[in-house]
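Chain and residue survey
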Amino acid sequence: MTALDVQALKKEFPLLTRDRGDRPLVYLDSAASAQPPQAVLDAMDDYYVTTHANVHRGVYAIAEEATRRLEAARVKLGRFIGAPQPEREVIFTKNATEAINLVAYAWGRHNLRRGNVVVLSEIEHHANLVPWLMLKDELGIELRYIPLGRDFHLDLTDLDRLVAGARLVGVTAASNVLGTVVDLAPIVAAAHATGAVVLVDGAQLAPHRRVDVAAADIDFFALTGHKMLGPTGIGALWARAELLETMPPFLGGGEMISDVRLDGFLPNELPWKFEAGTPPIAEAIGLGAAVDYLEAVGLDAIGAHETALVGYALEKLTAAYDEIRVFGPAPDPVRRSGVISFAFDGVHPHDVAQVLDQSGICVRAGHHCAKPLMRVLGVAATTRASLYLYNDESDIDALVGGLATVRKLFSR
Amino acid sequence: MNELEDLYREIILDHYRSPRNRGELPVPPAHRVEGFNPLCGDEIVIFLDVRDGVLEDLKISGRGCSISQSSASMMSAAVKGLPVDEVHRLVRSFKSMMTIEGPPANAGAPDEPTVEPVDPATLGELGALQGVVKFPVRIKCATLAWNALTQGLDEIAVGSAGGA
Ligand SMILES: Cc1ncc(COP(=O)(O)O)c(C=O)c1O
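Residues numbered from 1 in each chain as written. Chains lettered and ligands numbered in written order. Predicted model: local features only at pLDDT ≥ 70, side-chain atom pairs only at ≥ 80, totals over all residues. Heavy atoms only, no water.

Here we come to helix α14 (residues 349-357) of chain A. For an α-helix the count is 3.6 residues per turn, leaving residues at separations of three or four pointing the same way. With 8 of 9 residues buried, α14(A) lies mostly within the body of the structure. When α14(A) is considered as a whole, its buried residues turn out to be P349(A), H350(A), D351(A), V352(A), A353(A), Q354(A), V355(A) and L356(A). (Buried < 20%, exposed > 50% of the residue type's maximum accessible area, 1.4 Å probe, protein only. Helix = DSSP H or I, 4+ residues; strand = E, 2+ residues; numbered from the N terminus.)

Next up, the structure:
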């Protein structure tokens, strides 16, 4: 149905094609963590087998090669998201959460005072809420929230009033619960008009759609490796070099300094100023390989595939089950991702997921680290199926079939 | 399907659909205690009316999955009217059934006498929850109400000790 040859592609993902006897794996939880292809595992393996050494210090050959591979991964990742200066503006972190915390600490503590306004949205992941709530407690900043509209998109009607006088506007680019892809342009325009910087949580967008941080005219962009076919333990913050220059360091230690005396230190230059200690070298290299993989398949093809598949899924699910209520916008090539959250009338999400697991179907049940959004939706939890490039109609058909067991069990 | 039917016994689904002792009690004289399952956002509120060392009445509100709700409902039916020390004994038996292997991790703590393994048959309806043990993630659901109950009884004990 789309340009992707999913059958061939799936073969490159070891966990998805392992023989599991009579219980094949139907993996519908890529929004939580995607599966890495063999190429990513090979890149990390090859690093450890042929050239592992600590980076940036050794003058011997394998240490230089380790450094070269690490820095090559940084540049690859930077180009992937359209960074104007990939070698200076991409800071490796352990995940998106740490990237956002870096902004809250290094930029936030340096720039925010009591009463300053930070604007977030009601659909944020805890990763883009709690760091700011912590600053609220510490500094007395004021938090405001862009509300969710009835169409499951952010309601921008009151945007100008909301962001007036704000110092930072932080929004997710794509919701990990609703599948909403946020229209960033008006938010960025309003934020910049009032002098605020813009932080975008790209954890759910970078794996699925082409990102261009320069064209989007944003200031900070956070992503996480394990949702974009990479390993766990690696993520990144991109920020405009001018901003990074003015920010104090985040964590202190080795690697992030250019000089240390007993009475003081001089921070290193970008990007290492923000990378204290030995970085996750193999993981960064693995993420570089994931970026190569995504580029080779093509973000446009991935996006088109997911749009078609989410359309198929929504149609099948709602046609087969009156008791399903979907929390998310209608299919749309630009404004909707492959995340499907739903309520199954009369059955708690935990029970739905438990029953599906018996058929080897992996979906997530819970608040998805977005408790304020759950309150807005008026539920304690949802069941969430999320799609990626390696999913196809057979996975959706399995989900639809598995839900029949849920219905049978709970209506008996 | 067999494992599933072991988890979702008919009696469990019955308590889920028609929970016993649901509602609230006026506070005071009743004592109110909350329990949360941070994993899934489930929450439970228990209202306890303890008089002269007897759990005269209790009501339960909140929301959650079939396992947490039915466990709470069965618990309420089992403990209502019991002397508090018998309630504690039942809690220990139930939690012993809910451990994956051997006695609970906190067994042997000064205020937590070690319990012998419990024969689920002696627990009446509650024995139906035994199937949960095969699904370790769900044990937290099954014990949510019981932990809240223990906490509530402890708070009442401390309160009345302080008042004495
Ligand atoms: C929108 C969003 N932001 C941030 C995160 C945090 O990612 P990580 O846990 O890798 O830091 C997630 C992951 O669930 C997410 O979905």
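Continuing now.
Before going further, it helps to spend a moment on helix α2 (residues 10-17) of chain B. Listed in full, the buried residues belonging to α2(B) are I12(B), L13(B), H15(B) and Y16(B). The arc that holds every buried residue of α2(B), seen down its axis, measures 160°, which confines them to one face. Packed against the buried residues of α2(B) are α16 (393-410) of chain A together with α1 (2-7) and α3 (66-79) of chain B. (Arc of directions from axis to C-beta. Contact = heavy atoms within 4.5 Å.)

Glancing now at the domain arrangement of chain A. Residue and element names in this part refer to chain A. Assigned domains of chain A: these are domain 1 (6-30 + 299-410) and domain 2 (41-295). Here domain 1 is connected to domain 2 by 2 salt bridges. For R209, the salt bridge identified is with E306, shortest N-O distance 3.1 Å. Here domain 1 and domain 2 share 14 residue pairs in polar contact (both at pLDDT 80 or more) between them. (Domains from an automatic or database assignment. Salt bridge = Lys/Arg side-chain N within 4 Å of Asp/Glu carboxyl O. Polar contact = N/O pair within 3.5 Å; in protein donor to acceptor, adjacent residues only side chain to side chain.)

A few words now on the confidence of the model for chain B. All names here are of chain B. Within chain B, residue pLDDT values average 83, and 82% of them lie at 70 or more. Least confident of the elements in chain B is α1, whose mean pLDDT is 80; most confident is strand β3 (residues 54-63), at 94. Both scores are available for the predicted complex, with the pTM at 0.91 and the ipTM at 0.80. (pLDDT = per-residue confidence, 0-100.)

Attention now goes to the packing of aromatic side chains. Residues and elements named next belong to chain A. Applying the stated criterion across every chain yields a total of 10 aromatic pairs over all chains. Centroid distance Y105 to F250: 6.0 Å. Interplanar angle 55°. Geometry classified as tilted. A residue pair is termed long-range when its members are at least 10 positions apart, and Y105 in helix α6 (residues 96-111) and F250 in the loop between α11 (241-246) and β9 (257-261) qualify at 145 residues. Measuring from centroid to centroid gives 5.7 Å for Y388 and Y390, while their planes differ by 65°, and the two rings are edge-to-face. (Phe/Tyr/Trp six-rings, centres within 6.5 Å; stacked < 30°, edge-to-face > 60°.)

Glancing now at the nonpolar core. In terms of nonpolar packing, the biggest core is built from 83 residues, with L77(A), F221(A), M228(A), L229(A) and L389(A) touching the most fellow members. In terms of residue count, the dominant contributor to this core is helix α12 (residues 281-297) of chain A (10 residues). Two domains each provide a minimum of three residues to this core, namely domain 1 (6-30 + 299-410) and domain 2 (41-295) of chain A. In this structure, M228(A) is in contact with L77(A), F80(A), A206(A), P207(A), L223(A), L287(A), A290(A), V291(A), L294(A) and Y388(A), ignoring residues within four places of it in sequence. With 72 residues, the next largest nonpolar core counts F344(A), M75(B), V91(B) and L123(B) among its residues. (Core = buried A, V, L, I, M, F, W, Y, C linked by side-chain atoms within 4.5 Å.)

Looking now at the side chain of T224(A). All names here are of chain A. With respect to the element layout, T224 can be found in strand β7 (residues 220-224). Within the local environment of T224, its side chain forms a polar contact with the backbone nitrogen of A96, the two atoms lying 3.4 Å apart. Setting aside chain neighbours within four positions, we find T224 in contact with N95, A96, A203, I234 and G235.

Now for the sheet that holds strand β6 (residues 197-201) of chain A. Residue and element names in this part refer to chain A. What the 7 strands build is an open sheet, ordered β2-β8-β7-β6-β5-β3-β4; its pairing is mixed. Each end of this open sheet is capped by a strand with a single partner; those strands are β2 (90-93) and β4 (142-146). The average angle at which neighbouring strand axes cross in this sheet is 20°, direction not considered. Here strand β3 (residues 117-121) runs beside β4; their pairing, made up of 5 bridges, is parallel. The residue bridging S121 from the neighbouring strand is I146, located in β4. (Pairing = 2+ DSSP bridges. Axes fitted to C-alpha atoms, helices over the stretch in contact; angles between N-to-C directions.)

Looking now at the side chain of E124(A). All names here are of chain A. Within the element layout of this structure, E124 appears in the loop between β3 and α7 (130-139). As a buried residue without a salt bridge, E124 has its nearest oppositely charged side chain in K227, at a separation of 13 Å. Polar side-chain contacts of E124 include one of 2.6 Å to the side chain of S121. A distance of 2.9 Å separates polar atoms of two side chains, one belonging to E124 and the other to N128. Sequence-distant contacts of E124, that is, excluding residues within four places in its chain, are made with L129, G170, V171, T172, C369 and A370. (Lys, Arg positive; Asp, Glu negative; His and termini not counted.)

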